[in-house]
Amino acid sequence: MRSMHATGVPRPRYVGQRLPRRNDGRLLRGLGRFVDDIELPGMAHAAIVRSPIAHGIVRSFDPSAVEGAALVLGPSEIDAATHSVPVLWTLGVQLQTSTRVADGRVRYVGQPIGVAVAGSRYTAEDAVDQIVVDFEELPIVADAEAALAPGAALLYPEYGTNVLSAFEAGDSAEHTDTVFAAADRVLRHRMHLGRIAGISMECRGIVAAPDPATGTLTIWSSNQAPHAIRDAVSEVLGLAQHRIRVIAPDVGGAFGLKDHAYDDELMVCLAALRLGRPVKWIEDRSEHMVATTHARDDHVDVEVAYDDDGRLRGLRLDAVRDTGGQFAIFGGGPLFTMTGMVPGPYTWDAVRSTAKVVASNRTPLGAYRGFGQTQAALVRERTVELVARALGTDPVELRLRNMVQPEQLPYTIRTYITYDNGDYPTCLERARVLATQFPPAPDDGRARGLGYCFYVQMAGIGNSTTNQLIGLGIGGHETATVRMEPDGSVRIYTGISPHGQGQETTFLQVCADRLGLDIDRIELIANDTNSTPYSAYGTAASRSMPVGGGALVLAADKIAAKVKAIAAEMLEAAVDDIVLVDGAAAVIGTNVSVPIARVAHRAWQGFSLPAGIEPGLLETAAYDPVSATFSYAAHVCRAAVDRTTGEVEIEHYAVVHDCGTIVNPLVVEGQIHGGIAQGLGAALLEEIAYNADGQPITTTFLDYLAPVSASMPDVTIEHIQIPSPHTPGGMKGMGEGGTNGAMACVVNAVAAALPEIADRIDRTPLSPSRLWELLQSAP
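Since this is a predicted model, take the numbers as computed values, not measurements.

1. Focus on the side chain of His 192
Consideration 1: Residue placement: His 192 occurs in strand E11 (residues 185-193).
Consideration 2: In this structure His 192 comes out as buried when scored by relative accessible area, which is 14%.
Consideration 3: Of note is the side chain of His 192, whose polar atom sits 3.0 Å from the side chain of Asp 297.
Consideration 4: Within polar-contact distance, the side chain of His 192 engages the side chain of His 299 at 3.5 Å.

2. Focus: the sheet that holds strand E32 (residues 648-658)
Consideration 1: If you trace the 4 strands from one edge of the open sheet to the other, you get E23-E31-E32-E33, paired in mixed fashion. In the strand order of this sheet, the two ends are held by strand E23 (447-459) and strand E33 (714-720), each with one partner. Taking the axes of each pair of neighbouring strands and ignoring which way they run, one obtains an average angle of 15° across the sheet.

3. Section: the side chain of Arg 362
Consideration 1: Tracing the backbone shows Arg 362 in the loop between strand E20 (350-359) and helix H10 (373-391).
Consideration 2: Owing to a relative accessible area of 12%, Arg 362 belongs among the buried residues under this scheme.
Consideration 3: Separated by 3.0 Å, the side chains of Arg 362 and Asp 297 make a polar contact.
Consideration 4: Contact partners of Arg 362, with chain neighbours within four places excluded, come to Arg 107, Tyr 108, Ala 142, Asp 143, Arg 195, Asp 297, Asp 322, Gly 324, Gly 325 and Tyr 690.

4. Overview of helix H6 (residues 226-237)
Consideration 1: Here H6 is 12 residues long and its end C-alpha atoms lie 16 Å apart, about the 16 Å a rise of 1.5 Å per residue gives.
Consideration 2: Most of H6 sits out of view: 11 of its 12 residues are buried.
Consideration 3: Among the residues making up H6, those that are buried are Pro 226, His 227, Ala 228, Ile 229, Arg 230, Asp 231, Ala 232, Val 233, Ser 234, Val 236 and Leu 237.
Consideration 4: Turning to H6, the residues buried within the fold contact helix H2 (75-81), strand E4 (85-86), strand E14 (216-221), strand E15 (244-247) and helix H7 (263-275).
Consideration 5: Backbone geometry just downstream of H6 places Gly 238 in the positive-phi region, at approximately 75°.

5. Quick notes on the nonpolar core
Consideration 1: Formed by 135 residues in total, the largest nonpolar core has its most connected members in Phe 454, Tyr 653 and Val 750.
Consideration 2: Domain assignment of the residues forming this core places at least three in each of domain 2 (35-138 + 199-291) and domain 3 (367-459 + 628-776).
Consideration 3: Those residues within four positions of Val 750 in sequence are excluded, and the remaining contacts are Ala 639, Val 641, Val 648, Leu 684, Ile 761, Leu 766 and Leu 771.

6. Some remarks on the environment of Leu 472
Consideration 1: Counting through the fold element by element, Leu 472 comes out in the loop between helix H13 (464-469) and strand E24 (478-484).
Consideration 2: Note: C-alpha distance between Leu 472 and Gln 224 (248 residues apart in sequence) is 19 Å.

7. Describing the packing of aromatic side chains
Consideration 1: Summed over the entire model, instances satisfying the criterion amount to 11 aromatic pairs.
Consideration 2: Judged by centre distance (6.2 Å) and plane angle (20°), the rings of Phe 454 and Tyr 632 are stacked. You can see Phe 454 sitting in strand E23 and its partner Tyr 632 sitting in strand E31 (residues 629-641), a full 178 residues away along the chain.
Consideration 3: According to the relative accessible area criterion, Phe 454 is buried, its value standing at 0%.
Consideration 4: Chaining the aromatic ring pairs together yields one cluster made of Trp 89, Phe 167, Phe 330, Phe 336 and Phe 371.
Consideration 5: One residue, Arg 204, lies across the ring of Tyr 262, its end atom 3.8 Å from the ring centre.
Consideration 6: Between the NZ or CZ atom of Arg 316 and the centre of the ring of Phe 180, over which it lies, the distance is 4.0 Å.

8. Some words on the sheet that holds strand E25 (residues 490-494)
Consideration 1: The 4 strands are arranged E26-E25-E24-E30 in an open sheet whose pairing can be described as mixed. Here the strands that pair on one side only, and so sit at the sheet edges, are strand E26 (522-525) and strand E30 (618-623). Recorded for the sheet is a direction-independent mean angle of 20° between the axes of neighbouring strands.
Consideration 2: Sheet topology places E25 next to E26; 4 bridges connect them, and they run parallel. Across the sheet, the residue bridging to Arg 491 is Glu 523, located in E26.
Consideration 3: Across the sheet, helix H14 (residues 503-515) touches E24, E25 and E26, and the angle it forms with E26 is around 130°.

9. Quick notes on empty space enclosed by the protein
Consideration 1: The tally for this structure, following the rule as stated, stands at 6 cavities of 30 Å³ or more.
Consideration 2: Size it by volume and the largest cavity reaches roughly 210 Å³.
Consideration 3: His 260, Tyr 262, Asp 263, Gln 326 and Ala 328 are, among the 21 residues lining the largest cavity, the residues nearest its centre.
Consideration 4: Mapped by element, the contributors of at least two residues to the lining of the largest cavity are E4 and H7.
Consideration 5: Looking at side-chain class alone, the lining of the largest cavity contains 12 nonpolar, 5 polar and 4 charged residues.

10. Digging into the packing of helix H15 (residues 544-571) against helix H16 (residues 596-605)
Consideration 1: Interaxial distance between H15 and H16 falls to 10 Å at its minimum, and their mutual angle equals 100°. Comparing their axes, H16 and H15 come out roughly perpendicular. Contact residues: Val 563, Ile 566, Ala 567 and Met 570 in H15; Arg 598, Val 599, Arg 602 and Ala 603 in H16.
Consideration 2: For the contact of H15 with H16, the per-class residue count stands at 6 nonpolar, no polar and 2 charged.

11. Some remarks on the pairing of E33
For a regular strand, the rule is simple: side chains alternate between the two faces of the sheet.
Consideration 1: Where E32 lies against E33, 7 bridges are found, and the strand directions are parallel. The residue of E33 that forms the bridge with Ala 654 is Thr 716.
Consideration 2: As for the winding sense of the linkage, the β-α-β connection from E32 through helix H17 (residues 665-684) to E33 is right-handed.

12. Overview of the pattern of salt bridges
Consideration 1: For the structure on display, the rule yields 58 salt bridges.
Consideration 2: The salt bridge involving Arg 514 is made with Asp 557; its shortest N-O contact spans 2.9 Å. Of the two residues, Arg 514 is situated in helix H14 and Asp 557 in helix H15; the sequence distance between them amounts to 43 residues.
Consideration 3: With relative accessibility at 29%, the residue Asp 557 sits in the partly exposed group.
Consideration 4: By sharing partners, the salt bridges in this structure join Arg 50, Arg 121, Glu 125, Arg 204, Asp 264, Glu 265, Glu 283 and Glu 287 into a single network.

13. Regarding the pairing of strand E18 (residues 298-306)
Consideration 1: Burial analysis of E18 places 7 of its 9 residues in the buried class, the great majority of the element.
Consideration 2: Relative to E18, E11 is paired through 9 bridges, and the arrangement is antiparallel. Bridge pairing in E18 places Arg 190 opposite Asp 301.
Consideration 3: Pairing between E18 and strand E19 (residues 312-324): 9 bridges, direction antiparallel. From the neighbouring strand, Val 300 faces E19, where its bridge partner is Ala 319.

14. Notes on the domain arrangement of the protein
Consideration 1: For the protein, the assigned domains read domain 1 (24-32 + 477-623), domain 2 (35-138 + 199-291) and domain 3 (367-459 + 628-776).
Consideration 2: Just the C-alpha atoms count here: the centres of domain 1 and domain 3 sit 38 Å apart.
Consideration 3: In this complex, domain 1 contributes 15 residues to the contact, which on the side of domain 3 involves 17 residues.
Consideration 4: Both faces combined, the contact of domain 1 with domain 3 buries some 1100 Å², and carbon together with sulfur accounts for 65% of it.
Consideration 5: Taken as a group, Ser 542, Pro 546 and Tyr 623 account for 39% of the area that domain 1 buries against domain 3, more than any other trio of residues on that side.
Consideration 6: The tally of links from domain 1 across to domain 3 stands at 0 salt bridges.
Consideration 7: Here domain 1 and domain 3 share 7 residue pairs in polar contact (both at pLDDT 80 or more) between them.
Consideration 8: At the level of elements, H14 and H15 are the ones that each hand at least two residues to the side of domain 1 that touches domain 3.
Consideration 9: Considering only residue class, the side of domain 1 that touches domain 3 consists of 7 nonpolar, 8 polar and no charged.

Criteria and thresholds
Residues numbered from 1 in each chain as written. Predicted model: local features only at pLDDT ≥ 70, side-chain atom pairs only at ≥ 80, totals over all residues. Heavy atoms only, no water. Helix = DSSP H or I, 4+ residues; strand = E, 2+ residues; numbered from the N terminus. Buried < 20%, exposed > 50% of the residue type's maximum accessible area, 1.4 Å probe, protein only. Polar contact = N/O pair within 3.5 Å; in protein donor to acceptor, adjacent residues only side chain to side chain. Pairing = 2+ DSSP bridges. Axes fitted to C-alpha atoms, helices over the stretch in contact; angles between N-to-C directions. Contact = heavy atoms within 4.5 Å. Expected span 1.5 Å × (residues − 1). Core = buried A, V, L, I, M, F, W, Y, C linked by side-chain atoms within 4.5 Å. Domains from an automatic or database assignment. Phe/Tyr/Trp six-rings, centres within 6.5 Å; stacked < 30°, edge-to-face > 60°. Lys NZ or Arg CZ within 6 Å of the ring centre and 35° of its normal. 1 Å grid on protein atoms, 1.4 Å probe; cavity = no way out; pocket = protein on both sides within 12 Å on 5 of 7 lines; lining within 4 Å. Points joined across faces, edges and corners; volume = space filled by probe spheres on them. Nonpolar A, V, L, I, M, F, W, Y, C, P; charged D, E, K, R; others polar. Parallel < 35°, antiparallel > 145°, perpendicular 65-115°, else oblique. Right-handed = clockwise from strand over helix to strand, strands pointing away. Salt bridge = Lys/Arg side-chain N within 4 Å of Asp/Glu carboxyl O. Buried area = accessible area lost by both parts, 1.4 Å probe.

Here's what the structure looks like:
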């Protein structure tokens, strides 16, 4: 029997262990089953008719010349057969609260306006080419600046403006003005975070299979929120939810891109229902670059008030988000999150943001890893570095001078968000020590600089009432069901949607320790709306472990309590003296025990159960978090910049991180590594560009630069573990953490390496050409 705490409770056997992810071997051997692997009898294939222009009205849609197609649907037929798609987040003054699948108007290149279905994808693509579409072209609104210009063309004339949503966050204007007036200095700068694409390894895809005999629709979809997909299909197509089954097979990356049903996917479902046969559509990479939601494209004017002694006093933002042709499902949520989390770990006297979300003739923006918190970190941490530069002080010391101290936590920041616990100064100081351990820089003529970022991450958004209060139309709870079979093996049913986060391993680790079982006796069931508990989110917002895992802890503990009660009856012992360990229910301090399998068998047979105990071992628990959790980290890296070419190399990187109780350090570190790669890419390489006609310039991987393995430095990671005071199990969310810190860290390192242009670094990515131009114009 494994060792016990002094209290007699078994020490965790699995939580905290670096177990390899249990599904990796299958995927690495090519045994994964993705949407495109789904083959059904009689299956047809779809191709999407997309707009080649950025702004216009569909005058006519003529499929009369099409040969070999089983079905063609144009915008008028689609509009007549579908209901509006709701926007789930309403903020401030918001004009757009729903969108149409096809309303006869196009607002960005790549917008779906129809679907063709044939026996093969080849024939379906030919059918798309044979359709004649006549457009009335309208004036182009190329970007956010054009959208706000006097006399700009309107994407939605009925609104009378291109501003889809406007809101404020933080302190009042009067209070903020007072703080700024009392400060010794005010510094102003501007940041434009470049538009990027999520470029998941697997593009989107869907198989929709109706069963005319039962009136049901089964959908296999590459998504991260099966219940959300089911809800959308039900809402838009008018099917009852119990007649829709959504399955997410293996998913090759999502990052927020696959958190909702897209218009083209809804068209495929409609086509399948019309035909009464299965229809498959797989997005190709060129489609992905123009049709799957983009991210960022935020323009932020920043003012910071501070004193000569380095005290940060006030922060004022005026932010504009270029959301593209229409709202995606979460509307202006990322910008709202940025304004909420921009105070970071510092004790400001005032923080105020004004924000507008504007429409332009670009691909819509949507959720992407970080969801506004990456932007908040970049804007704030770049500002702190500029203040340190203006004062001639060490940027680390400036941060420490203004940080929330451990004894001040819980601490409510100026945007009315309350942080839970932690030790921010120790985290940052440890990162500074790790930076001193970077290998000496070679004498190769390149300029070098250290960059830092410190962020606090709101993870596991909730609770449901809070979501409702901030205009977010989905609940924040999660539910888990744990079923112990008569032989003592266990199935976990979760609405969380694993697709690379490691829940197939980490959820088992949590459950195994709560029930005293070997991990091989436990299985996770997920990604099927017919068998899993409802989850409005699926996997998103770094909430899988703190919210989904919290629900699992509660459900597993219910099973454990029942097993202990039955075992106590069998062993003639007090319930409080029973522990579950090594597959047995044992009496503390004795060698008396009974196998859990025997207890489970008795429970299911209903033999001699204690009074008040019902037969069976099946428990469900819902967890609606008291609060979000707040993980945090310090990032530091060293950049080497070639002044003659503008090329940047990130040579070394270190992270000190606290995400509460760590269930599996290997999984956590993998998430951090992946997040750093995405943050590095956004800082240095990635950008979706458009010309003045609204035509995307970056449409393939030949145009869109993304980091590769050679782009990544070695990364040192250290963990601080201060358990969450709210989450059952003590976990805090961290899936977006690497991204949130990396972008600002890399930008600050480049700026430190090139002090002659540091004040003029005002947009990302810091591509070689952009840096070279700044260096050429440096005084």
